[in-house]
Every structure is written in structure tokens, then in C-alpha cells.
Amino acid sequence: MQTDSHVEQTHLSANTSANRIVIFGASGDLTRRKLIPALYHLFNHGMLPDNFSIIGVGRTELSNDSFRQHLQQSLPAEPRDQATVSSFCHHVFYLTANPSEAAQLAPLAAGHAQQDSKYPGGNTLYYLATPPALYAPIAQSLFSLGLNRQENNWSRLVVEKPFGHNLASARQLDRELHACFNEKQIYRIDHYLGKETVQNLLVLRFANTIFEPLWNCSMVDFIEITAAESLGVEKRGAFYERTGAVRDMLQNHLLQVLAMVAMEQPATISADVLRDQAVQIMRLFRPLTDEDVRNHLILGQYLASNVRGENLVAYREESGVSAESRTETYVALKMYIDSARWQGVPIYLRTGKRLPTRATEVVLHFKKTLHPSFTGVAPANKLIIRIQPDEGILVSFGLKRPGSGFQVQDVAMDFHYSDLSGAVMPDAYERLLLDALNGDSTLFARSDEVETCWSFIQPILDYLQDPAHTLYGYAAGTWGPQEADQLLATDGHAWRFPCKNLTSTQYCEL
Ligand SMILES: NC(=O)c1ccc[n+]([C@@H]2O[C@H](COP(=O)([O-])OP(=O)(O)OC[C@H]3O[C@@H](n4cnc5c(N)ncnc54)[C@H](OP(=O)(O)O)[C@@H]3O)[C@@H](O)[C@H]2O)c1
């Protein structure tokens, strides 16, 4: 295990040495769609230092020029300033190598050494944008070349999701990574934590005085977190077959967002304090019993449908997917947190592909009024935190309908981030890449958080192993299986539909 080092605190802006960003899996989808555009935006906004270089590594044979041309296609078409693009490309290089074979990375080490002789103390961010099976072998390659070492510099490893396939494999991966890099050098990406509105949860709760007194079981009736995607699995069918909605979304993003919603007040907004609070609340997630899994978990898979004239294929017809697949593309779960603050408050989480819209939001449903004149007529208040798209906050409450009597009408105060003049909402990857370069791990998952989340969902993973587990079909373009509506209806609750013009229409069991 490597020892911790003070250089973790080195701030990028104060650094005059070479800064290298090495991307493994540089020919892949994530690099093209997310990493390169994010780095380009940072460059365009003057947030990368002059002497940085981006080195793509992959087995695909590419020259520097052909890699530069390949990545230019992923840059925004509009507005396009060719001079800026060319200037950005000057910082980009490519190494053809199989990264799990250390010898093939020798030119990388030689390049670093050459740079460091010119600009001593070069720092390097290694980004693992490869299939997960390569995370440990690449870390081992870097270790064997001494590229993990930090002396007068820093060396960090950014690890993409999924981090493991279950608790045992996450622990195994941690052991393998920790044999090469220390925990402070490892940055586990959960791109939901890079979203401005997720971070805003902390500001909303702790920089204001009006919300926190309401943030507890006396006032909150139930909590709902929805992460809906309108797309199907696109070209990633083979990957999704092995993953499914529970591992892809529930274990990481939804539970991380829930921790931000439910955590106790941190003493400071700093990496370890925040992550201590997150893990503390995660440890209070009430363990799921077999009965909970049978009764409070709804799994679904999308079926073919025609939405507004467009034929959408069933999951089982997607490329790379088995015609008999039982992989879930939808999951809804009811759970509880055994803390004094959240005692007895049901928490409903749901996520799915091919739902009617793309929307991620947290909804706090407040208790209904007990005033005898308004019980049964005044709608419950809601606080809605929209995470994506159209980031913002909406508070709904009752007002007197103008005219005689005391009719109550539901109205909303709706704040959109886009209304903030001059506000630029950075993409989550931009924010996280910059944080990793700056050594700020606040928005990255720590190993104990990841393991606690895997432990929590292990009963679901065990259930998924059972070939007879219940999986409901839902028509693409609907809000998932009807049983997910029932899950709430039996408690007298209902999901909020972020898009009102479409509701569930077809249901069946697979
Ligand atoms: N794509 C997304 O939207 C997305 C979102 C969130 C997380 N992630 C995660 O990010 C990582 C990368 O995703 P991706 O979609 O970019 O993956 P990908 O396109 O499947 O793979 C990335 C690159 O890895 C290299 N690679 C594949 N198999 C290899 C092997 N056996 N040995 C050595 N290199 C191999 C390939 O490059 P060469 O053939 O040139 O070596 C490939 O272009 C994955 O862990 C994924 O789970 C992706």
C-alpha cells in the first residue's frame, strides 16, 4: 500500500509543472461523448493550465493526428472556433498500447520522464475509461512502471462505474487497487454527484434556515426519487445484459442522491466530513429482508411499442441482448432509514429505461394539513428538486382560489437554474475532472460508501440470481409496470409524474 502524501492537496492553479491526463479506453464511447467534450470546455474556459497534455491510450492503432481528427468529431459543432479547436488539439497525443500489458506502457513512462526533466514535478491523472475488468490490470501496469508514485508530484486514478458487480467483487477490486494506489489517490466517479443540483441539496438544506426544520419525519410524509430515461440501451445492449437497472443506477446514483437528501448536518463541507456523513446515513438504511424484496421491489423490462408514430423495439430485440433475457430495465424499491430523523418515512426509488421522458428528481411530499376546514381538500405540499434536465427547485402549496368561499388551489413557485443570469451549468464530467485535477475528492465515492451500498442491495442481487424472480413487462414509453404504482397506492401514496401527458397503458408479466 502506498503512503498518503501532502501533495494530494496541491492545487492545480498553483502548479507550474506539467499536468498530464492519461485516458485509458481513449477510442471508446465514454471518451468520445463525455471526457473529450468536458476537457475541451474546460480548456475553452481557460480552466486547464497551459502546460497540460491529454494522452489517449488504446489498442486501436491511431496516430496523434488520426486521434485528434477522431476526437474533433465529438466537439460541439456550434459555436465552433477552429483556432481554439486546433490549439486544444496541440495538447492531445495518442499511444497505441494494450494497457494491461505493462511493457506496452513503457513509452508512457519514458514520455513522463522526458517531460519531468524539462518541467520537474509533473502530475498525472489516469482515467480508466475501459471495461471494468481492466481497472485492476491497468493499475498493476502503472504500479509496475512506478507511475503510481508521488514524490514532488501527484498521481491519481479516476475509476469509472461500475465499481464491482456485488459486494465481494467491489472488495476484491478495492484490494487490487489499494495494492497499487492509496485510497487518497483513487477517485471513484459517480457522475450524479457532479451535477449542480445534487450539490445544491447541501446548500438548500444547510445555507438556508427555512427548509431544515421541515426536513424530518414530523413533517415529511414520504420521499420519492425518480431517475427516468427515455432512451433504451442504444448500442450498449451487451454491457446492459450483464448489468441491469439495479447495478447500473440503484446501487450507485440513487443511493448516493438519497444519502445527500437524508444525511445529518456535516460539520464542514469538506471531502471526508461529507463522506463520513454519507456513509453514516447509508449504514442506517434498514436492511432488506426476503419479505421486503418480495413485496417492496418491482422489476420490469420494456416491451415493443409505438410512441407518437415511432416504433420502439423491445429490450429483447436490442442488439447484444438475449431473446430470453431476464435483465431488468426498470426497478422500483420502497425502503426505510432507521434514523431518528426519518423514522417511519417510506422512501420510494425508481429508475428505468424507455420511460416517457428523461427526468431525475427528488420529491419531498409533506404531511397533509390537519386543519378541519382543509383536510381532504388541500393538496399536500411538495418540494421538488429537479436534478436533470431543467435543473431547479419547485415548491407546491395551496392558495385560496379567488372568489367566494375557501376553495384551495395548488400553485407552484418554480425556480429554474437557467433563469440565473450569467449562470453556466457545468456538465458533471467537467466538474468532476476539474475536481480530480484539483485534488478535491468531495464528490467522489469513497470505498466504504461503495461497499455499504453494495451490502444494502445484496438481498436484491440474491433475488436476481433466482431464475424465478418476478419481472414485469411494460410498454416502451410508459411509466413502468402497474405494480410500481400499486407499491405506493397500498400506502395511500402516488408517484409524481414529471411528464403528465403520458401514463402507464400496457401491463403484463414476463
Ligand atoms: N459510455 C457511457 O456512457 C458510460 C457511462 C457511464 C460509465 N461508463 C463506464 O465507462 C467505462 C468505459 O465505457 P465505454 O462505453 O467507453 O466502453 P467501451 O467503448 O466498451 O470501451 C472503451 C475502450 O476500452 C478498450 N477495450 C475494450 N476491451 C478491451 C480489452 N479487453 N483490453 C484492452 N482494452 C479494451 C477499447 O479500446 P481499444 O480497443 O482501442 O483498446 C474501447 O474503445 C466502462 O467501465 C463503462 O461502464 C460508460
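This structure is a prediction, so every number in the text was calculated from the model and none was measured.

Observations concerning the overall build of the chain
Along the chain, the regular secondary structure elements total 13 helices and 18 strands. Radius of gyration (C-alpha) of the chain: 24 Å, near the 24 Å computed for a compact globule of 510 residues. Once local pairs closer than 6 in sequence are excluded, the contacts in the chain between residues at least 24 apart make up 78%.

So, the sheet that holds strand E4 (residues 123-128)
On the basis of which strands lie adjacent, the open sheet formed by six strands has the order E3-E2-E1-E4-E5-E6 and parallel pairing. Of all the strands in the sheet, just strand E3 (92-96) and strand E6 (186-188) have a single pairing partner and so form its edges. Going across the sheet, the axis of each strand differs from the next one's by a mean of 20°, ignoring polarity. Where strand E5 (residues 155-159) and E6 come together, three bridges link them in parallel fashion.

Observations concerning the site of the ligand
What surrounds the ligand is a group of 20 residues, the closest being Gly25, Gly28, Gly58, Arg59 and Thr60. Counting residues per element, the shell around the ligand draws most heavily on helix H1 (residues 29-44), at four residues. Among the residues forming the shell around the ligand, the class breakdown is six nonpolar, nine polar and five charged.

Things to note about the nonpolar core
Among the nonpolar cores identified, the biggest contains 131 residues, and Ile23, Tyr127, Leu128, Val158, Leu250, Leu258 and Leu349 are the most heavily contacted of them. Here this core gets 13 residues from one element, more than from any other, and that element is helix H8 (residues 237-262). If you count residues domain by domain, this core takes at least three from each of domain 1 (6-188) and domain 2 (193-368 + 421-426 + 443-509). Discounting residues that sit within four places of it in the chain, Leu349 has contacts with Ile225, Leu250, Leu254, Leu258, Ala332, Leu333 and Met335.

Some points on unusual backbone geometry
Pro162 follows Lys161 through a cis peptide bond whose omega is 0°. Its place among the elements puts Pro162 in the loop between E5 and helix H6 (167-178). Of the consecutive residues Gln388 and Pro389, the connecting peptide bond is found in the cis state with omega at -15°. Looking at the element boundaries, Pro389 is found in the loop between strand E14 (382-388) and strand E15 (392-400). Located in the positive-phi region is Glu234, a residue other than glycine, with phi close to 50°.

Quick look at the pairing of E15
With five bridges joining them, E14 and E15 adopt antiparallel strand pairing. When the bridges of E15 are listed, Ile385 appears paired with Ile393. Counted along the chain from E14 to the antiparallel partner E15, the turn is three residues long, and its residue Asp390 has a positive phi close to 50°. Judged from the nine bridges that link them, E15 and strand E16 (residues 408-416) form a sheet pairing that is antiparallel. Along E16, the bridge assignment pairs Gly392 with His416.

Overview of the environment of Ser27
With respect to the helices and strands, Ser27 occurs in the loop between strand E1 (19-24) and H1. Residue classification places Ser27 among the buried positions, given that 20 C-beta atoms sit within 10 Å. Sequence separation between Ser27 and Pro99 is 72 residues, and the spatial gap between their C-alpha atoms is 13 Å. Not counting chain neighbours up to four residues away, the residues in contact with Ser27 comprise Gly58, Thr60 and Leu62.

Quick look at the packing of H8 against helix H12 (residues 447-465)
Packing of H8 against H12 leaves a shortest axis separation of 10 Å and a crossing angle of 155°. Comparing the axis directions of H8 and H12 gives the class roughly antiparallel. Judged by the twist between their axes, the crossing of H8 over H12 is right-handed. Between H8 and H12, the residues in contact are Val246, Leu250, Gln251, Asn252 and Leu255 and Cys453, Trp454, Phe456, Ile457, Ile460 and Leu464, respectively. Its residues assigned to classes, the contact of H8 with H12 comprises nine nonpolar, two polar and no charged.

Remarks on the domain arrangement of the chain
Buried accessible area, meaning the area lost when the parts come together, often serves as the stated size of an interface. Taken as a whole, the chain is organised into domain 1 (6-188) and domain 2 (193-368 + 421-426 + 443-509). Each side of the interface is counted separately: domain 1 has 13 residues, and domain 2 has 12 residues. Elements represented by at least two residues in the side of domain 1 that touches domain 2 include exactly H6 and E6. Partitioned by chemical class, the residues of the side of domain 1 that touches domain 2 number five nonpolar, three polar and five charged.

So, the environment of Pro426
By the secondary structure assignment, Pro426 is in the loop between E16 and helix H11 (428-438). Taking the C-alpha atoms as reference points, Pro426 and Gly194, separated by 232 residues in sequence, lie 8.9 Å from one another.

Here we look at the confidence of the model for the chain
Of the residues in the chain, 93% reach a pLDDT of 70 or more, and the chain-wide mean stands at 89. Overall, residues 1-16 carries pLDDT values under 50, and its contacts beyond four positions in sequence, including any with other chains, amount to 28 contacts. Overall, residues 500-510 carries pLDDT values under 50, and its contacts beyond four positions in sequence, including any with other chains, amount to 26 contacts.

Remarks on the packing of helix H5 (residues 135-144) against H6
Across the interface, H5 lies against H6 with an axial gap of 9 Å and an inter-helix angle of 10°. Here H6 runs roughly parallel to H5, going by the angle between their axes. For the pair H5 and H6, contact is made by Tyr135, Ala136 and Ala139 and by Leu173, Glu176 and Leu177, respectively. Split by residue class, the contact of H5 with H6 holds five nonpolar, no polar and one charged.

Here we look at the environment of Leu487
Tracing the backbone through its elements, the reader meets Leu487 in helix H13 (residues 482-489). In contact with Leu487, other than residues within four places in its own chain, are His296, Ile298, Ala332 and Lys334.

A word on the pairing of strand E7 (residues 220-228)
Most of E7 sits inside the fold, with eight of its nine residues counted as buried. By the bridge criterion, eight bridges tie E7 to strand E13 (residues 359-366) in an arrangement that is antiparallel. Paired with Ala227 across the bridge in E13 is Thr360.

What counts, and where the lines are drawn
Residues numbered from 1 in each chain as written. Predicted model: local features only at pLDDT ≥ 70, side-chain atom pairs only at ≥ 80, totals over all residues. Helix = DSSP H or I, 4+ residues; strand = E, 2+ residues; numbered from the N terminus. Rg over C-alpha atoms; globule rule 2.2 N^0.38 Å. Contact = placed C-beta atoms within 7 Å. Pairing = 2+ DSSP bridges. Axes fitted to C-alpha atoms, helices over the stretch in contact; angles between N-to-C directions. Near = placed C-beta within 6 Å. Nonpolar A, V, L, I, M, F, W, Y, C, P; charged D, E, K, R; others polar. Core = buried A, V, L, I, M, F, W, Y, C linked by C-beta atoms within 7 Å. Buried ≥ 20, exposed ≤ 12 C-beta atoms within 10 Å, placed from the backbone. Domains from an automatic or database assignment. Parallel < 35°, antiparallel > 145°, perpendicular 65-115°, else oblique. Left-handed = near helix turned anticlockwise from the far one by under 90°. pLDDT = per-residue confidence, 0-100.

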